[in-house]
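Given next are the chains, with one letter for each unit.
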Amino acid sequence: MAENFCPSAPPDMLSLFQWLKPDNLGSQALLDGAIASLSLHLSGKETSNPLLVAQSRTIYGKSLVELQVALSHPSRWSSSETLFAAILLCYFELFAGTSSPDTWLQHAKGIGVLMERRGPAAHAEGWDAAMLLSFRSILMMSDMFFPQEKDGFLSRPEWRPIMCDRGRCLVHPAGTSAEAISTVDGFFLRLVDVPGILKWGYMVREAKKAGISVDPARLGPLAQAAAAHYTSFKKWYDEEFTSLPYVHSTEGLPAGPSTALHATILEFEHPWAGAMNMSYWASMLILQETLAQCGTPVPDSDAAQQDLVSKILRSVESVSQGVMGPYRVGYSLRIAYEFASAEAQLWIGRMLDQFSKKYAATDRHTYPAPREDSGGFV
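Rules used in this analysis
Residues numbered from 1 in each chain as written. Predicted model: local features only at pLDDT ≥ 70, side-chain atom pairs only at ≥ 80, totals over all residues. Heavy atoms only, no water. Salt bridge = Lys/Arg side-chain N within 4 Å of Asp/Glu carboxyl O. Helix = DSSP H or I, 4+ residues; strand = E, 2+ residues; numbered from the N terminus. Buried < 20%, exposed > 50% of the residue type's maximum accessible area, 1.4 Å probe, protein only. Expected span 1.5 Å × (residues − 1). Contact = heavy atoms within 4.5 Å. pLDDT = per-residue confidence, 0-100. Phe/Tyr/Trp six-rings, centres within 6.5 Å; stacked < 30°, edge-to-face > 60°. Polar contact = N/O pair within 3.5 Å; in protein donor to acceptor, adjacent residues only side chain to side chain.

## Remarks on the pattern of salt bridges
Stage number 1. By the definition in use, this model includes 17 salt bridges.
Stage number 2. A salt bridge links Lys209 to Glu206; the shortest N-O distance between them is 3.6 Å. With Lys209 and Glu206 both in helix α9 (residues 194-209), this residue pair falls three residues apart, about one helical turn.
Stage number 3. By relative accessible area, which is 28% here, Glu206 ends up partly exposed.
Stage number 4. Between Asp373 and Arg371 there is a salt bridge, with the nearest N and O atoms lying 2.7 Å from each other.
Stage number 5. Classification of Asp373 as partly exposed rests on a relative accessible area of 45%.
Stage number 6. One salt-bridge network, held together by shared partners, links Arg205, Glu206, Lys209, Arg334 and Glu338.

Given below as structure tokens:
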């Protein structure tokens, strides 16, 4: 029923909200305004209609005010409609970037606070469960790229069962196998711990770059956590994910060979399967680099990183197709950029320029400047 609330949205966008039912809509002006703002923005961008885009921003501004009123209300703050409106307005920021390309991070953090305050039981079933499941990747990305002192709430024991579909097809098409749903749940159960490892691994790397010594006693627990997650992620990929029939890649030729980074690209039957491959490779890059910074690198660490970076970059053309394409590749591309050569970083910058015309969250100005040394991988 998602097409009823946002008829102008393309199929890959609507797939995020396929769990919607007609009776979820039309009950609050706040929610209707959030729906209208996102729908008008998508339609305006697809048809190159600046008037629709301007109208969407006007409605968005009014909806933000209404959201603040709802969040201050003694009962409405915790309603399902308020939560869904907040999620839609965050998606609006992902596409529009009204004040800056990374405003969505602030919105996502606020939604995380709202969900945490509502508590696990409020998201256990039905519409509320589907909202959390459909938004879990954005919550994890906000923890990844906007870390706080405490780890994200989804990593706590009481939230782990809640962030899994567990075969209910809440956010999956009807008929999706229990094996496939369990595999996706397994991915998120591992990904949720990566932001915490990245936060400390990045601090260690930056300290070493600055010539600051790191207490070996602090490196031990970090290395142990990274090694355990590396092993767990690899086992999930080798034994669960790759057993699914539609997740494997085939080699193809790039659409523009003269501007391509590689002679061949990786193509996927289903773009979301491609995105999960890319996210796994990016997560393994983080874990491998953390182990290397802790002095316990995986065997042939440089070759392993080269392989992961290459596979991510060769997948971009295929997986980034469609309106939701930049959303699918955003995490993995940002991580790969850290390990890419100057040539590859410039190529990534050109891709980001294309993406950000319709998806603001991939603005290249949120990335570091390209490297000037000869390091990195292609």
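## Topic: helix α14 (residues 342-355)
Stage number 1. With 14 residues, α14 should cover 20 Å at 1.5 Å per step; its first-to-last C-alpha distance of 20 Å lies within 8% of that length.
Stage number 2. Where α14 is buried, its residues touch α12 (301-319) and α13 (325-339).

## Description of the environment of Pro326
Stage number 1. Within the secondary structure layout, Pro326 lies in helix α13.
Stage number 2. Sequence separation between Pro326 and Ile111 is 215 residues; the distance between their C-alpha atoms is 22 Å.
Stage number 3. Residues contacting Pro326, with those up to four places away along its chain left out, are Ser320, Phe355, Tyr359 and Thr362.

## Remarks on the confidence of the model for the protein chain
Stage number 1. Mean pLDDT over the protein chain stands at 92; residues scoring 70 or higher make up 93%.
Stage number 2. For residues 1-5, every residue scores under 50 in pLDDT, and the model assigns this stretch 13 contacts once sequence neighbours within four places are set aside.

## Comments concerning the side chain of Lys199
Stage number 1. On the secondary structure map, Lys199 appears in helix α9.
Stage number 2. Ignoring anything within four residues of it in the chain, the contact list for Lys199 reads Pro147, Gln148, Glu149, Lys150 and Asp151.

## So, the environment of Ala86
Stage number 1. Here Ala86 shows up in helix α5 (residues 80-96).
Stage number 2. Overall, the relative accessible area of 7% leaves Ala86 in the buried class.
Stage number 3. Here the alpha-carbon distance between Ala86 and Gln68, two residues 18 residues apart in the chain, equals 9.8 Å.
Stage number 4. In contact with Ala86, not counting residues within four places along its chain, are Leu67 and Ile111.

## Here's the deal with the packing of aromatic side chains
Stage number 1. Applying the stated criterion across every chain, the model contains 20 aromatic pairs.
Stage number 2. With centroids separated by 5.1 Å and ring planes inclined at 90°, the aromatic side chains of Phe95 and Tyr359 adopt a geometry described as edge-to-face. Of this pair, Phe95 sits in helix α5 while Tyr359 sits in the segment after α14, and the two are 264 residues apart along the sequence. Here the two residues Phe95 and Tyr359 agree in accessibility, since each one is buried.
Stage number 3. When the centroid spacing of 5.8 Å and the interplanar angle of 65° are considered together, the rings of Phe233 and Tyr280 count as edge-to-face.

## Considering unusual backbone geometry
Stage number 1. You will see that Arg166, though not glycine, has its phi angle at about 55°, which is positive.
Stage number 2. You can see Arg166 is positioned in the loop between α7 (126-145) and α8 (178-191).
Stage number 3. Judged by its relative accessible area of 45%, Arg166 falls in the partly exposed class.

## Examining the side chain of His123
Stage number 1. With respect to the secondary-structure elements, His123 resides in the loop between α6 (103-118) and α7.
Stage number 2. Here His123 falls in the buried class, since its relative accessible area comes to 0%.
Stage number 3. Among the polar contacts made by the side chain of His123, one reaches the main-chain carbonyl oxygen of Gly119 at a distance of 2.9 Å.
Stage number 4. With sequence-adjacent residues up to four places away left out, His123 is seen in contact with Leu83, Met115, Arg118, Asp128, Ala129, Leu132, Trp159 and Ile162.

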